[in-house]
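A look at the structure
Here is how the chains run, residue by residue.
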Amino acid sequence: MATHVADNERLERELAQLMEVEKFPPPEGFRERALIGDLSLHADAERDLEGFWARQAAELLDWNDEPERTLDESNAPFYKWFEGGRLNASYNCLDRHVEAGRGDKVAFHWRGEEGEERDITYAELHRDVKRFANALRARGIGKGDVVGIYLPMVPELPVAMLACARIGAPHTVVFGGFSPDAVRERMEFSDAKALVTIDGARRKGKTAPIKDAVDEKLADLSSIETVFVVEHTGVGCEMRDGRDVWFAAAIEAADEDCEPEELDSEHPLFVLYTSGSTAKPKGVLHTTAGYLVGVAFTHRYVFDLRPDSDVYWCAADVGWVTGHSYIVYAPLANGATSVIYEGAPDYPDKDIWWEIVERYRVTILYTAPTAIRACMKWGAEYPAAHDLSSLRLLGTVGEPINPKAWLWYHKVVGGERCPIVDTWWQTETGHILITTLPGAQEAKPGSAGTPLPGIAAAVVDEEGNEVADDEQGLLVLRRPWPGMLRTLYKDDDRFVETYYERFGKTTYLVGDAARKDADGYLWILGRVDDVINVSGHRLSTAEIESACVSHPKVAETAVIGQHDETTGQAICAFVTLEGDLEGSDELTAEIREHVAKRISKIARPQRIIWAGDLPKTRSGKIMRRLLRDIAEGRELGDVTTLRDPTVMQQLEGKVHERQASGGGD
Ligand code: WTA
């Protein structure tokens, strides 16, 4: 133990010294060996945007029919990419590799939570996908039908997604950490015809029933004609006659021949729900060709991918967009070998990630800053106990990374030999848009880097004029890109209103604040709308508020994001109770549990502040800015526009009283 303490003290000193370094060029030798060692791709795209993407599309994908036209801007913001092209995503992810004699190559090293291991080759994955595609067809599911998927990180998850893609049935995956209520809501919105789920899920040695819990919520949802159930934990579940089918039995009974549907470039590939400014989640729609070109292109060049020698691990969950793009579609399209890990980063112990890196000789690791901060907190002794020398490149995604976490990642995990790519993108953008090319550009800790080739990012003021260097403004994208969302599912109006109303139909409003420095590097400052980013998970304040007020004792709630050292932001709820009810620890627990049930455990307020009343403007709008000031102990901003300024004094009193009694959080 004593040596750990000494080591950690030394590490702290070394990190403090590194804090002085502003720029990290590609490590020695990396540039020479990199796929891209200069900015020629950027220059190509600047010269001829459409020609650039047309070349990528031809190089990266196999087509049934080549596209006739690269970009159609005539009906902006409803852009179309690669018109006239026909292709199939599952063919591009599987068949073509098997046909080229790479069937025995491992697609996924799957690692279960209790240490189980399964190496799944391209040929095996291909076979299962074809069979499950036939099983879907046998239940009457075809082109255009939406299939819901609610699974933890099991091998059946990519199988289900790719089988959907094979027959042209858009999938809508619900993150396994979301509640059955959230599943129901999403299935209902999207009129899903089938659902793929699981008997139970494992988490840190415990098993939770999933199928039975979902069933309670699906009972009267008539659109769902079939429920496929993966048997994973043996917890057992009810199977409804005529509707429910065991996944394994369905595959077993299905034929192995299954021709992929030839689909138009713009055929919907999936809908993924994400949080927006209102309580109703947005169904982000991605289509086939542009999305695949975008993910394959970025995966190859941002991660400097060598499919023949790299072992790539994106430690996200497939239920989020990062997993869709960079666990499933991009690595498979590029013929890579990846790791899929079912479990938590601290089970059975806090070194499990590093054990996995050592075990599979992982060369590229892609994760979120929040995970890095958690590892930092646990201590450098966990990574130090393993051989991490296989790593050659590191990536981060999901939220701004603070320089200290960046440096820790660089030093402790990367051994100072691995470039770090900080990748900025969104569910809506489909793939990475801002980062550094690891062999061509310097990294600056805390900055995501520059727009990728062909991407026109700018920082503008409220009127849409570009602001000066180093000034804060709104991040916008002024040119379309292949993997952009095409619309919000069944809600074109909301699509236009959310992204293309503020600055016109050719300027995409990102929803993030940013500033650009004199080198053209972008520093992302966080969301400007009512979206909170907890551990890289996007949550809507409105959605959490609506879950809170559905508790019978709650009259009104305002939710804000509060700075948090580990999770980036934490959820803080100001709650007004019904009648003269008094707040208590029991009630705090009750409300937290209630929100977990309605949305997810991740959406539980970390802190609840009882409020006699909430600060509102004369028109009744809650002033969150003031609540943020209060929660973070800052001096209050202007309160003169409040309907009742005394509300703030009462609130401040409450917060102080609570902190004094030691019960703050
Ligand atoms: C934030 C995740 C800073 C940003 C892929 C964005 C980031 C939101 C970064 C999208 C980054 C993502 N640096 N902030 N490298 N990457 N963000 O849809 O606020 O879950 O708008 O997509 O995460 O979150 P989403």
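Residues numbered from 1 in each chain as written. Predicted model: local features only at pLDDT ≥ 70, side-chain atom pairs only at ≥ 80, totals over all residues. Heavy atoms only, no water.

**Regarding the overall build of the chain**
Helix and strand content of the chain: 21 helices and 32 strands. Over its C-alpha trace the chain gives a radius of gyration of 25 Å, about what one expects of a compact globule, namely 26 Å for 665 residues. The dimensions of the chain, computed from C-alpha atoms along their principal axes, are 70 × 65 × 60 Å. Relative to all contacts within the chain whose residues are 6 or more apart in sequence, the contacts with residues 24 or more apart total 71%. In the form shown here, the chain has an accessible surface area of approximately 26,000 Å², with 46% of it arising from carbon and sulfur atoms. Counting 75 positive and 111 negative side-chain charges, the chain places the centres of these two groups 1 Å from one another. (Helix = DSSP H or I, 4+ residues; strand = E, 2+ residues; numbered from the N terminus. Rg over C-alpha atoms; globule rule 2.2 N^0.38 Å. Contact = heavy atoms within 4.5 Å. Areas by Shrake-Rupley, 256 points an atom, 1.4 Å probe, with all protein chains shown as cover. Lys, Arg positive; Asp, Glu negative; His and termini not counted. Charge placed at Lys NZ, Arg CZ, Asp CG, Glu CD.)

**Points about the sheet that holds strand 26 (residues 508-516)**
An order of 23-24-26-27 is seen for the 4 strands of this open sheet, with the pairing classed as antiparallel. The two strands at the open ends of the sheet, each matched to only one other strand, are strand 23 (457-460) and strand 27 (522-527). For this sheet the average axis-to-axis angle between neighbouring strands, irrespective of direction, equals 45 degrees. (Pairing = 2+ DSSP bridges. Axes fitted to C-alpha atoms, helices over the stretch in contact; angles between N-to-C directions.)

**Comments concerning helix 5 (residues 89-102)**
Asp-95 marks where helix 5 bends most, by close to 35 degrees. Taken together, the buried positions of helix 5 are Ala-89, Ser-90, Asn-92, Cys-93, Leu-94, Asp-95, Arg-96 and His-97. With a side-chain oxygen positioned 2.8 Å from the backbone nitrogen of Ser-90, the residue opening helix 5 is Asn-88. (Bend = angle between axes of the 7 residues up to and from the residue. Buried < 20%, exposed > 50% of the residue type's maximum accessible area, 1.4 Å probe, protein only. Polar contact = N/O pair within 3.5 Å; in protein donor to acceptor, adjacent residues only side chain to side chain.)

**Side note on the domain arrangement of the chain**
Assigned domains within the chain: domain 1 (2-54 + 287-527), domain 2 (89-103 + 119-261) and domain 3 (531-661). Taking only C-alpha atoms, the centre of domain 1 and the centre of domain 3 are 32 Å apart. Domain 1 puts 11 residues into the contact, and the matching count from domain 3 is 11 residues. Between domain 1 and domain 3, a total of about 940 Å² is buried, with carbon and sulfur atoms accounting for 47% of that surface. It is helix 14 (residues 369-378) that provides the largest number of residues to the side of domain 1 that touches domain 3, a total of 4 residues. A class-by-class count of the residues in the side of domain 1 that touches domain 3 yields 2 nonpolar, 4 polar and 5 charged. (Domains from an automatic or database assignment. Buried area = accessible area lost by both parts, 1.4 Å probe. Nonpolar A, V, L, I, M, F, W, Y, C, P; charged D, E, K, R; others polar.)

**Remarks on the pattern of salt bridges**
In the structure shown here, the tally under the stated rule is 51 salt bridges. Put simply, Asp-519 and Lys-23 hold a salt bridge, and the shortest N to O gap is 3.4 Å. In this pair, Asp-519 sits in the loop between strand 26 and strand 27 while Lys-23 sits in the loop between helix 1 (2-18) and helix 2 (30-33), placing the two residues 496 residues apart along the sequence. Arg-479 is the partner of Glu-46 in a salt bridge, and the nearest nitrogen-oxygen pair spans 3.4 Å. Taken together, the residues Glu-46 in helix 3 (residues 40-47) and Arg-479 in the loop between strand 24 (472-477) and strand 25 (487-488) connect sequence positions 433 residues apart. By relative accessible area, Arg-479 is classed as partly exposed at 27%. Overlapping salt bridges bring together Arg-10, Glu-14, Lys-411 and Glu-416 as one network. (Salt bridge = Lys/Arg side-chain N within 4 Å of Asp/Glu carboxyl O.)

**A closer look at the environment of Asp-310**
As for its placement among the helices and strands, Asp-310 is situated in the loop between helix 11 (288-302) and strand 16 (311-314). What makes Asp-310 buried here is its relative accessible area of 5%. Not counting chain neighbours up to four residues away, the residues in contact with Asp-310 comprise Asp-304, Leu-305, Thr-337, Thr-363, Ile-364 and Arg-392. Reaching out from Asp-310, the side chain makes a polar contact with the side chain of Thr-363 at a distance of 2.7 Å. There is a polar contact of 2.9 Å between the side chain of Asp-310 and the side chain of Arg-392.

**Structural notes on a negative patch on the surface**
A surface patch of negative charge is lined by Asp-255, Glu-256, Asp-257 and Glu-259. The residue Asp-255 is located in the loop between helix 10 (247-253) and strand 13 (263-264) in this model. (Patch = residues over 30% accessible without salt bridge, like charges linked within 9 Å, V, L, I, M, F, W, Y side chains within 5 Å.)

**Quick look at helix 6 (residues 122-138)**
Taking 1.5 Å of rise per residue, the 17 residues of helix 6 would be expected to cover 24 Å, and the 24 Å separating its terminal C-alpha atoms lies within 8% of that figure. Of all 17 residues making up helix 6, 12 are buried, and the element is well covered by its neighbours. What helix 6 keeps buried is the set Tyr-122, Leu-125, His-126, Asp-128, Val-129, Lys-130, Arg-131, Phe-132, Ala-133, Asn-134, Ala-135 and Leu-136. Positive backbone phi, approximately 80 degrees, marks Gly-140, located one or two places after helix 6. (Expected span 1.5 Å × (residues − 1).)

**Looking at the site of the ligand**
In the neighbourhood of the ligand, 17 residues make up the surrounding shell, with Asp-422, Thr-423, Thr-427, Arg-527 and Arg-538 lying closest. Asp-512 places a side-chain nitrogen or oxygen 2.9 Å from an oxygen atom of the ligand. A distance of 2.7 Å separates an oxygen atom of the ligand from a polar atom in the side chain of Arg-538. Protein coverage of the free-state accessible area of the ligand, which is 530 Å², stands at 97%. Elements that contribute at least two residues to the shell around the ligand include exactly helix 12 (321-333), strand 20 (420-423) and strand 27. Across the shell around the ligand, the residue classes break down as 6 nonpolar, 6 polar and 5 charged. (Near = heavy atom within 4 Å.)

**Some thoughts on the pairing of strand 14 (residues 268-274)**
Within strand 14, 6 of the 7 residues are buried, which leaves the element mostly enclosed by the surrounding structure. Bridge analysis of strand 14 against strand 15 (residues 282-287) gives 6 bridges, and the strand direction is antiparallel. Along strand 15, the bridge assignment pairs Pro-268 with Thr-287.

**Examining the pairing of strand 11 (residues 226-230)**
Judged by how many residues are buried, strand 11 sits mostly within the fold: 5 of 5 residues are covered. Burial along strand 11 is two-sided: the face carrying Thr-226, Phe-228 and Val-230 and the face carrying Val-227 and Val-229 are both buried.

**Section: the environment of Trp-354**
Tracing the backbone shows Trp-354 in helix 13 (residues 352-360). Leaving out residues up to four positions away in the same chain, Trp-354 has contacts with Leu-365, Cys-375, Tyr-382, Pro-383, His-386, Leu-388 and Val-413.

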